[in-house]
Amino acid sequence: MHLNRIALKPYLERIQEFCRPLSKEALTDVLAGLAKDVSTSERVGFLEKLESMIPDSGPSGISDGSEVDKLLYDIEALRESIEERAESIENGDYWDDPDFYDEDGYDDEDPDYVTEDQREEIADLFMEVQSLFMDGRLEKARQVYDLLFELVEYIKSVSYFSSPEDLDIREERANYARCVFETSESKERLPMFVEAMAVFGSSPYAGNRFYDDKFPLLQDVMDAREGPMEGLEAFLPEWKAFLGRNETSSRVASLLLEAVHLTDGMVGVSSLARKWQNSQPRGYLFWLELLKKENEPSKIIEIGKEALDALEDGLFRERVAEFLIHAAREQNDPDYLLLGIRERFFSERSDQNLRELVGEATRQN
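Residues numbered from 1 in each chain as written. Predicted model: local features only at pLDDT ≥ 70, side-chain atom pairs only at ≥ 80, totals over all residues. Heavy atoms only, no water.

Undergrad: I keep staring at the environment of F181 and nothing clicks. Help me out?
TA: Within the element layout of this structure, F181 appears in helix α8 (residues 169-183). Classification of F181 as buried rests on a relative accessible area of 0%. For the pair formed by F181 and L138, sequence separation is 43 residues and the distance between their alpha carbons is 9.9 Å. Other than its neighbours up to four places away in sequence, F181 contacts R189, F193, M229, E230, G231, L232 and F235. (Helix = DSSP H or I, 4+ residues; strand = E, 2+ residues; numbered from the N terminus. Buried < 20%, exposed > 50% of the residue type's maximum accessible area, 1.4 Å probe, protein only. Contact = heavy atoms within 4.5 Å.)

Below you can see the structure in the form of structure tokens.
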């Protein structure tokens with residue numbers, strides 16, 4: 001990988017002052033020609049040498065307007081270095097490259113496609129764009145988020161993306177979606193928002209959870225900034241209709257339940273849960289969670305029994321039984337408590353569930 005036009009962009013305006021006879025396009029070609037043989041490991045030295053040749057150069061010489069260009073350049077440069085490393089690992093050159101050897105050493109395990117330093121750099125870039133977002137510079141933040149999430153998706157295409165501990169990727173995606181919502185024209189808002197929310201991007205390993213906690217719900221987007229999302233009320237029916245046409249996946253189902261609750265309340269959620277039944281058990285779980293938040297244990301027992309009859313054995317039915325157990329304890333109802341504990345064991349036959357069933361049956365004689 002070599003330095004490209006994006007990488008050179010922050011330097012063009014400053015150099016152009018001293019090369020006015022050349023157009024910016026022609027100057028770009030000249031610099032790209034100079035840089036074509038510069039490898040990733042030599043990039044910093046090349047750019048420092050380039051900068052030293054400009055009179056009165058330095059941080060103060062870069063205008064405030066180039067801030068976003070600098071971030072975009074950093075992201076592009078990071079992607080190039082990750083791509084170069086991945087390519088080197090894939091084709092075997094990694095083992096012959098002294099730069100990679102010095103960085104990682106050789107051992108019996110396969111090297112990571114993304115180094116710890118690169119992961120930290122990703123976290124730093126997200127911190128910088130978050131500052132743009134918090135300052136209300138949503139158009140600029142959206143530009144940077146666009147490229148950052150393209151980088152994340154690229155990494156996921158070649159390897160497992162493990163975000164650094166101090167990076168809340170769900171929060172960052174919610175920020176990104178808020179940028180997209182508030183900076184898009186109404187006619188293009190839905191497809192742009194669907195992409196920013198990664199509606200179809202949930203991990204296949206999240207199938208047994210209510211939702212994938214690496215991806216935001218609409219409420220996360222609403223909470224990302226103070227103040228209402230202008231145009232949300234008009235957008236919700238369109239959003240709900242789109243999700244309703246694609247309701248089979250786990251993430252889409254969670255988003256649809258949330259949207260239905262916002263537009264149609266508990267009645268809409270109950271109708272959807274009864275329509276889905278075992279084809280999408282998240283409907284009953286979402287309904288029971290709402291009842292728990294409203295502190296209605298008697299209603300939880302009623303709907304919990306209905307859900308136990310509707311759902312097949314497995315982790316979702318086990319979770320329904322736990323709602324029933326919690327509500328029965330609040331109601332001090334030993335019959336429903338024993339029913340819940342027994343159905344939890346039948347739903348998921350684990351040692352722990354069996355021990356608790358035997359213990360409660362013994363206690364109740």
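Undergrad: Please explain the confidence of the model for the protein chain as it appears in this structure.
TA: Per-residue pLDDT for the protein chain has a mean of 84; in total, 76% of the residues score no lower than 70. Helix α5 (residues 98-104) is the least confidently modelled element of the protein chain, averaging 52 in pLDDT, while helix α14 (residues 297-310) averages 98, the highest of any element. With pLDDT under 50 throughout, residues 57-64 is counted as low confidence; its partners more than four residues away or in other chains account for six contacts. (pLDDT = per-residue confidence, 0-100.)

Undergrad: Any chance you could explain the packing of α14 against helix α15 (residues 315-331) here in plain terms?
TA: Contact geometry for α14 and α15: axes closest at 9 Å, N-to-C directions at 150°. Here α14 is positioned roughly antiparallel relative to α15, judged by the angle of their axes. Of the two elements, α14 crosses α15, and the hand of that crossing is left-handed. Contacts between α14 and α15 involve P297, S298, I300, I301, G304, A307 and L308 from the first element and R317, V320, A321, F323, L324, A327, A328, E330 and Q331 from the second. Taken together, the residues that form the contact of α14 with α15 break down as 11 nonpolar, three polar and two charged. (Axes fitted to C-alpha atoms, helices over the stretch in contact; angles between N-to-C directions. Parallel < 35°, antiparallel > 145°, perpendicular 65-115°, else oblique. Left-handed = near helix turned anticlockwise from the far one by under 90°. Nonpolar A, V, L, I, M, F, W, Y, C, P; charged D, E, K, R; others polar.)

Undergrad: What's the story with the side chain of Q118 in this structure? I'm lost.
TA: Structurally, the position occupied by Q118 is in helix α6 (residues 116-134). One polar contact links Q118 to S81, side chain to side chain, over a distance of 3.4 Å. Side-chain polar atoms of Q118 contact the backbone nitrogen of T115, separated by 2.9 Å. Ignoring sequence-local partners within four residues, the contact set of Q118 consists of L78, S81, I82, R85 and Y113. (Polar contact = N/O pair within 3.5 Å; in protein donor to acceptor, adjacent residues only side chain to side chain.)

Undergrad: What exactly am I supposed to notice about unusual backbone geometry here?
TA: Most peptide bonds take the trans configuration, and most residues that are not glycine carry a negative phi. At N295, a residue that is not glycine, the phi angle is positive and equals roughly 55°. With respect to the helices and strands, the residue N295 is situated in the loop between α13 (282-293) and α14. With phi around 55°, N332 is a residue other than glycine that occupies positive phi space. The exposure class assigned to N332 is exposed, which follows from its relative accessible area of 68%.

Undergrad: Help me understand a negative patch on the surface, please; the structure alone is not making it clear to me.
TA: A cluster of acidic residues, D117, E120, E121, D124, E128, E165 and D166, forms a negative patch on the protein surface. Turning to its location among the elements, E165 is positioned in the loop between α7 (138-158) and α8. The exposure class of E165 is exposed, given its relative accessible area of 87%. (Patch = residues over 30% accessible without salt bridge, like charges linked within 9 Å, V, L, I, M, F, W, Y side chains within 5 Å. Areas by Shrake-Rupley, 256 points an atom, 1.4 Å probe, with all protein chains shown as cover. Salt bridge = Lys/Arg side-chain N within 4 Å of Asp/Glu carboxyl O. Lys, Arg positive; Asp, Glu negative; His and termini not counted. Charge placed at Lys NZ, Arg CZ, Asp CG, Glu CD.)

Undergrad: I tried to follow α13 on my own but got confused; where do I start?
TA: Side chains of residues three or four places apart in an α-helix project in the same direction, reflecting 3.6 residues per turn. Under the 1.5 Å per step criterion, the end-to-end length of α13 is 16 Å for 12 residues, consistent within 8% with the ideal 16 Å. Buried residues dominate α13, accounting for nine of its 12 residues. For α13, the complete set of buried residues consists of R282, G283, Y284, L285, F286, W287, L288, L290 and L291. Where the residues of α13 are buried, they touch α12 (250-276), α14 and α15. (Expected span 1.5 Å × (residues − 1).)

Undergrad: When you look at the nonpolar core in this model, what are you seeing that I'm missing?
TA: Inside soluble globular proteins, nonpolar side chains tend to come together where they are buried. Counting 85 residues, the largest nonpolar core has F126, V144, Y145, F193, V199, W239 and L243 as its most contacted members. When neighbours within four sequence positions are excluded, F126 is seen to be in contact with Y145, L148, F149, V152, L167, I169 and E172. Formed by six residues, the second largest nonpolar core is a distinct cluster that contains I325, A328, I341 and F345. (Core = buried A, V, L, I, M, F, W, Y, C linked by side-chain atoms within 4.5 Å.)

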